[in-house]
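# Descriptive structure summary
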Amino acid sequence: VTLELADNQGACGTQATTTVSGKLITSGGETVSNAEIALDNGIKEMLQSTVSTTAGEFNFAYAKMYYNYTVTGKKTDDYLNGVSTLDLVLIQRHILGVQALNDSYKLIAADANNDGAVTASDLIELRKLILGLTSTLNNNTSWRFAVAGTPVNVNPISFDERINVNPLTGEIAGQDFVAIKIGDVNGNASTDVTNPTV
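The following refers to the structure shown.

## Regarding the sheet that holds strand β9 (residues 163–165)
Strands pair in a sheet through their backbones, by hydrogen bonds, and they do so in one of two ways: parallel or antiparallel. The antiparallel open sheet is built from 4 strands, whose spatial order is β3-β2-β5-β9. Of all strands in the sheet, those bounded by a partner on one side alone are β3 (48–51) and β9. Strand-to-strand twist across the sheet, computed as the mean angle between neighbouring axes with direction ignored, equals 20°. In this sheet, β3 lies alongside strand β2 (residues 36–40) in antiparallel orientation, the contact comprising 4 bridges. Bridged to L39 within β3 is Q48.

## Concerning unusual backbone geometry
With an omega of 0°, the peptide bond between N155 and P156 qualifies as cis. Note that P156 resides in the loop between β7 (153–154) and β8 (157–158). Here the residue pair N166 and P167 is connected by a cis peptide bond, since its omega of -20° sits within 30 degrees of zero. Note that P167 resides in the loop between β9 and β10 (177–181).

## Section: helix α3 (residues 120–130)
Because an α-helix packs 3.6 residues into every turn, residues spaced three or four apart end up facing the same way. Of the positions making up α3, those classed as buried are D122, L123, E125, L126 and L129. End-on, the buried residues of α3 take up no more than an arc of 160°, which puts them together on one face. Where α3 is buried, its residues meet α1 (85–95) and α2 (104–110). Within two residues after α3, G132 carries a phi angle of roughly 80°, on the positive side.

## So, the sheet that holds strand β6 (residues 143–147)
Strands sit in the order β4-β1-β10-β6 across an open sheet of 4 strands; the sheet is mixed. Bordering the open sheet on either side are β4 (57–64) and β6, each of which pairs with just one other strand. The mean angle between the axes of side-by-side strands here comes to 30°, regardless of whether they run parallel or antiparallel. Pairing between strand β1 (residues 17–26) and β4: 6 bridges, direction antiparallel. Bridging across to β4, G22 finds its partner in F58.

## What to know about the nonpolar core
Core analysis: the biggest nonpolar cluster contains 24 residues, and I91, Y105, I108, L126, L137 and I180 have the highest contact counts within it. When residues in this core are grouped by element, the largest group, 5 residues, is from α2. Residue contacts for I91: discarding those within four places in its chain leaves A110, V118, L123, L126 and V185. Ranked by size, the runner-up nonpolar core spans 21 residues in total, among them L24, I163, F177 and A179.

## Observations concerning the packing of α1 against α3
Running from N to C, α1 and α3 cross one another at 175°; their axes reach a closest spacing of 10 Å. Overall, the two elements α1 and α3 adopt an arrangement that is roughly antiparallel. Two secondary-structure elements touch here, α1 through T85, L88, I91, Q92 and I95 and α3 through A120, L123, L126, R127 and I130. Residues belonging to the contact of α1 with α3 are distributed by class as follows: 7 nonpolar, 2 polar and 1 charged.

About the cut-offs
Residues numbered from 1 in each chain as written. Predicted model: local features only at pLDDT ≥ 70, side-chain atom pairs only at ≥ 80, totals over all residues. Heavy atoms only, no water. Pairing = 2+ DSSP bridges. Helix = DSSP H or I, 4+ residues; strand = E, 2+ residues; numbered from the N terminus. Axes fitted to C-alpha atoms, helices over the stretch in contact; angles between N-to-C directions. Buried < 20%, exposed > 50% of the residue type's maximum accessible area, 1.4 Å probe, protein only. Arc of directions from axis to C-beta. Contact = heavy atoms within 4.5 Å. Core = buried A, V, L, I, M, F, W, Y, C linked by side-chain atoms within 4.5 Å. Parallel < 35°, antiparallel > 145°, perpendicular 65-115°, else oblique. Nonpolar A, V, L, I, M, F, W, Y, C, P; charged D, E, K, R; others polar.

Shown next as structure tokens:
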């Protein structure tokens, strides 16, 4: 039997803290700013969040040690950013077997309805977005964040979106994510929300 004790009320005095940091970067090497990053240990009062910098970096400077944590990313602004008719053509060519999307991150981007496959349903979702019939995707976020260095399953499409730290015993850096703009398979989305590209 293993018993883990955590002084979450500070009864033992000042609790030791450390730093958890990382970076958000696209598969094309662009850094992503203004994404919300959460550091969660399951205790609501201790949930921390921050926003990635223009260099795509995030840093939790006072993470309490000896807890198990998950690190996740979220970005839900400007669904149309980087999505164009060219993306629809590329996705359609993939579906028809004319020219496959040869990158697992492009497959994630093409799966607009988040059902684990690239099909005509994804084209319908993106076409409605381009035509202005909708401003969001029904079952997906604007950006997804895959844990860097972990494999992407392509059939069905699935990937890790949580970094697990079990437990936090010292400073950790390099907790990086690969940022994927949903709908943008040709990789021209702006990673700076002040200067979007359509």
